[in-house]
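Chain and residue survey
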Amino acid sequence: MNTVRSWIYRLLVLMSAGFMVYTWFQSWWRCEISRINGWIEIHPWGLEHNMQAFAEYMKGADMPGFFPVVMWSYLGICVLAIIVALFIKDKNVRLLNRDVNLSSLIIGIAGFSYIVVVVVAVIFAAVRTGDFYNTKLIGVTRINLGGEMTGDATANLLIGYWLACAAGPIILILALLRKKIIGNS
């Protein structure tokens, strides 16, 4: 019985890790600019846009060159850590004067770190969008496109962001419920 429950737990955690990877490939924020049919999207690893002739407005908005490498490495390390943790047998570590299952700890850290990434991303996006023409993170902002030409910048957090908000907590909850799901040896 315990073996079946272990495999069910592994499957749940793998599905949650797959869900985390899925959210990583989604756009988290999008701003559409009227009059020029332009758009800007934020992904967890960087920025994309189709501003064409207005690309000069985007100068300085991109992340540093090392940022995508760091973020993709982060995702790879999280997924690898989760997979490795699934096959660690009943190994405990001492943490804050308590015995904690190593597998739960590693999976929990991965889930918690994804929560941090999602929260920091939206805070950083709010600050950065305000830096560029005082654009709102969510809502419509009237912007000057040069001379007397104006346009509306309509910005929203996308479903990919909201799904990412769920991925980290799901992984963390599974880490906390490991003993309940697997049961005693």
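Refer to the structure printed above.
Below: a short report on this structure. The structure presented is a predicted model; accordingly, all values stated were derived computationally and were not measured.

**Comments concerning unusual backbone geometry**
- The residue Leu96 is not glycine, and still its phi comes out positive at about 55 degrees.
- On the secondary structure map, Leu96 appears in the loop between strand S4 (92-95) and strand S5 (98-101).
- With a phi angle near 60 degrees, Asn97 is a residue other than glycine that sits in the positive phi range.
- Looking at the secondary structure, you find Asn97 in the loop between S4 and S5.
- According to the relative accessible area criterion, Asn97 is exposed, its value standing at 68%.

**Side note on empty space enclosed by the protein**
- What the rule picks out here adds up to 1 cavity of 30 Å³ or more.
- Here the largest cavity defines a volume of roughly 50 Å³.
- Around the largest cavity, the lining residues are Trp28, Trp29, Ile42, Ala121, Val122, Ala125, Leu157 and Tyr161.
- Here the element with the most residues in the lining of the largest cavity is helix H3 (residues 102-131); it accounts for 3 residues.
- Its residues placed into classes, the lining of the largest cavity shows 8 nonpolar, no polar and no charged.

**Some points on the pattern of salt bridges**
- Going through the model one piece at a time under the given rule, you end up with 4 salt bridges.
- Salt-bridge contacts for Glu32 lead to Arg30; the nearest nitrogen and oxygen are separated by 2.9 Å.
- We note a salt bridge from Arg94 to Asp99, for which the minimum N-O separation is 3.3 Å. Here the two residues Arg94 and Asp99 agree in accessibility, since each one is exposed.

**A few points about a nonpolar patch on the surface**
- A cluster of nonpolar residues, Val4, Ile8, Leu11, Leu12 and Met15, forms a patch on the protein surface that exposes about 460 Å² of accessible area.
- With respect to the secondary-structure elements, Leu12 resides in helix H1 (residues 2-24).
- Exposure remark for Leu12: the relative accessible area of 33% places this residue in the partly exposed category.

**Considering the pairing of S4**
- For S4 and S5, the ladder comprises 4 bridges, and the chain directions are antiparallel. In the sheet register, Val93 faces S5, and the bridge partner there is Val100.

Procedures and definitions
Residues numbered from 1 in each chain as written. Predicted model: local features only at pLDDT ≥ 70, side-chain atom pairs only at ≥ 80, totals over all residues. Heavy atoms only, no water. Helix = DSSP H or I, 4+ residues; strand = E, 2+ residues; numbered from the N terminus. Buried < 20%, exposed > 50% of the residue type's maximum accessible area, 1.4 Å probe, protein only. 1 Å grid on protein atoms, 1.4 Å probe; cavity = no way out; pocket = protein on both sides within 12 Å on 5 of 7 lines; lining within 4 Å. Points joined across faces, edges and corners; volume = space filled by probe spheres on them. Nonpolar A, V, L, I, M, F, W, Y, C, P; charged D, E, K, R; others polar. Salt bridge = Lys/Arg side-chain N within 4 Å of Asp/Glu carboxyl O. Patch = residues over 30% accessible without salt bridge, like charges linked within 9 Å, V, L, I, M, F, W, Y side chains within 5 Å. Areas by Shrake-Rupley, 256 points an atom, 1.4 Å probe, with all protein chains shown as cover. Pairing = 2+ DSSP bridges.

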